[in-house]
Amino acid sequence: MAADPEFQPGAAPFGNFINYYSFNPPENRLRLLPAEFYTIIKRHSADRPLLGLDIGCNTGNLTAALWEQFSSHSTGDSPPDGEDSTTGTAALQTSCTRQDSTTGTSAAAVQPNHTPDCEDSEIVPALKTNSPPDVDSSTPASLTDFHMLGCDIDSVLIQRAVENNPHPDHLTFQTLDYMIPEQRQETLGSYLQRFGRAKFDVTFCFSVTMWIHLQNGDSGLMEFLRSVSGWTRFLLLEPQPWKCYRSAGRRLRKLGRDEFPRLKTLRIRGDVEREIDRCLTEGCGMTRVGGFGETQWGRKLVLYRIWGDTVGTETGAV
């Protein structure tokens, strides 16, 4: 199998790298997420289980690590002095107001990628960062009841995630081609139905937007964002800048394979991050809450929230 070019580490047309977490372990993202992040999400969940969705979960390592961080972050935390109860942290700057318009259509296959680097420093303000919250074993606490669904287009990666699932009572992994609306509705809808819910509390999209864009074009990227925003109340996004697209093309050329057929036809190019942000805030009814710094490859982690979200008033998604 190792000799088959389809299974070479660089051959990942959907970002479905077979060794992803060997060079980008979960802690690379987790250390950017301060305690305030967990507090923000939990504060808006009221007294009910938290539901999370990880799109492009690969073998589930980061999914499991996120679950552990949320679960170890006790409930009932009161905000520090000076915090705004809407954002959950005084350090978080909300720099966006709602604007109404409409944007593109279609959706996409998912999966993580890795390549440097983001250059648009304007997209979000920085939020103070610190290590993920630790559990103080000396203080009794009500731990968070958190359930997560991890999905990926690659059935082999999902099989590995299932086999190595450290928390099977709380983590579910399923193969999903997010590009197919019927699959999306069935997989996400049936999971939510188990909890009597219409939306996820938080959705994670770590380095998946480029693969959606490359495989489905500009309209596919826009539709993916519109769809995801309809399924969730909060969205944590790590978009890839244009530099990553060029690196992905080079990897394929080194393997002697054809380049991504849509790459040369894309009209959204150098300003990918800005267009993603514009689609979410102007066309998807989301507000940019703030940013959590950058990864080692210069990619920003950006948190969005559905505009005017009120617990218990969710409507369905498509």
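This section reports on the structure supplied with the text. Because the structure is a prediction, the values reported are computed rather than measured.

**Topic: the side chain of Asp201**
Positionally, Asp201 belongs in strand E4 (residues 200–206). In terms of polar contacts, Asp201 uses its side chain to reach the side chain of Arg48, at 3.2 Å. A distance of 2.6 Å separates polar atoms of two side chains, one belonging to Asp201 and the other to Arg197. Excluding residues within four positions of it along the chain, Asp201 makes contact with Ser45, Arg48, Pro49, Leu50, Leu51, Thr232, Arg233 and Phe234.

**Topic: the environment of Asp47**
With respect to the helices, strands and loops of the structure, Asp47 is situated in the loop between helix H3 (35–43) and strand E1 (50–55). When its relative accessible area of 82% is taken as the criterion, Asp47 is described as exposed. Along the chain, Asp47 and Asp145 lie 98 residues apart, while their C-alpha atoms are 9.7 Å from each other.

**Some thoughts on the packing of helix H7 (residues 209–231) against helix H9 (residues 272–283)**
Across the interface, H7 lies against H9 with an axial gap of 9 Å and an inter-helix angle of 20 degrees. Taken together, the axes of H7 and H9 are roughly parallel relative to one another. The hand of the H7/H9 crossing is right-handed. Taking contact as the criterion, the partners of Thr209, Leu221, Met222, Leu225, Arg226 and Ser229 in H7 are, on H9, Glu275, Ile276, Cys279, Leu280 and Gly283.

**Side note on the pairing of strand E2 (residues 146–152)**
Taken across its seven residues, E2 has seven buried, putting it largely inside the fold. Along E2, one buried face is formed by Phe146, Met148, Gly150 and Asp152 and the opposite face, lined by His147, Leu149 and Cys151, is buried too. The sheet contact formed by E1 and E2 spans six bridges and is parallel. Residue Ile55 lies in a different strand from E2, and its bridge partner there is Cys151. Of the strand pairs in this sheet, E2 and strand E3 (residues 171–175) are connected by five bridges, and their pairing is parallel. Within E3, the residue paired with Met148 across the bridge is Leu171.

**Here's the deal with the pattern of salt bridges**
One pass over the structure, following the stated rule, counts eight salt bridges. Across the pair Glu259 and Arg253 runs a salt bridge whose closest N-O atoms are separated by 2.3 Å. Residue classification places Glu259 among the partly exposed residues on the basis of a relative accessible area of 28%. In this structure Arg253 comes out as partly exposed when scored by relative accessible area, which is 45%. Put simply, Arg48, Arg197, Asp201 and Arg233 are held in one network by salt bridges that share partners.

**Topic: the environment of Cys151**
Positionally, Cys151 belongs in strand E2. Taking the C-alpha atoms as reference, Cys151 lies 7.9 Å from Leu53; in sequence the two are 98 residues apart.

**Side note on the packing of aromatic side chains**
Per the stated rule, a full pass over the model turns up 16 aromatic pairs. Ring geometry for Phe70 against Phe146: centres 4.5 Å apart, planes inclined by 45 degrees, an arrangement best described as tilted. With Phe70 in helix H4 (residues 61–72) and Phe146 in strand E2, this residue pair connects regions lying 76 residues apart in the sequence. On the accessibility criterion, Phe70 (0% relative accessible area) is buried. Since its relative accessible area comes to 0%, Phe146 is described here as buried. Taken together, the ring pairs connect Phe37, Tyr38, Phe70, Phe146, Phe204, Phe206 and Phe292 into an aromatic cluster.

**Details of the sheet that holds strand E5 (residues 232–238)**
Here seven strands make up an open sheet; going across it, the order is E3-E2-E1-E4-E5-E7-E6 and the pairing mixed. Two strands lie at the open edges of the sheet, namely E3 and strand E6 (286–294), each paired on one side alone. Taking the axes of each pair of neighbouring strands and ignoring which way they run, one obtains an average angle of 20 degrees across the sheet. The sheet contact formed by E6 and strand E7 (residues 300–306) spans six bridges and is antiparallel. By the bridge assignment, Met286 is partnered in E7 with Ile306. Here H4 sits on the sheet in contact with E1, E2, E3 and E4, set at roughly 165 degrees to E2. Contacts from H7 reach E1, E4, E5, E6 and E7, with the element oriented near 150 degrees to E5.

What counts and what doesn't
Residues numbered from 1 in each chain as written. Predicted model: local features only at pLDDT ≥ 70, side-chain atom pairs only at ≥ 80, totals over all residues. Heavy atoms only, no water. Helix = DSSP H or I, 4+ residues; strand = E, 2+ residues; numbered from the N terminus. Polar contact = N/O pair within 3.5 Å; in protein donor to acceptor, adjacent residues only side chain to side chain. Contact = heavy atoms within 4.5 Å. Buried < 20%, exposed > 50% of the residue type's maximum accessible area, 1.4 Å probe, protein only. Axes fitted to C-alpha atoms, helices over the stretch in contact; angles between N-to-C directions. Parallel < 35°, antiparallel > 145°, perpendicular 65-115°, else oblique. Left-handed = near helix turned anticlockwise from the far one by under 90°. Pairing = 2+ DSSP bridges. Salt bridge = Lys/Arg side-chain N within 4 Å of Asp/Glu carboxyl O. Phe/Tyr/Trp six-rings, centres within 6.5 Å; stacked < 30°, edge-to-face > 60°.

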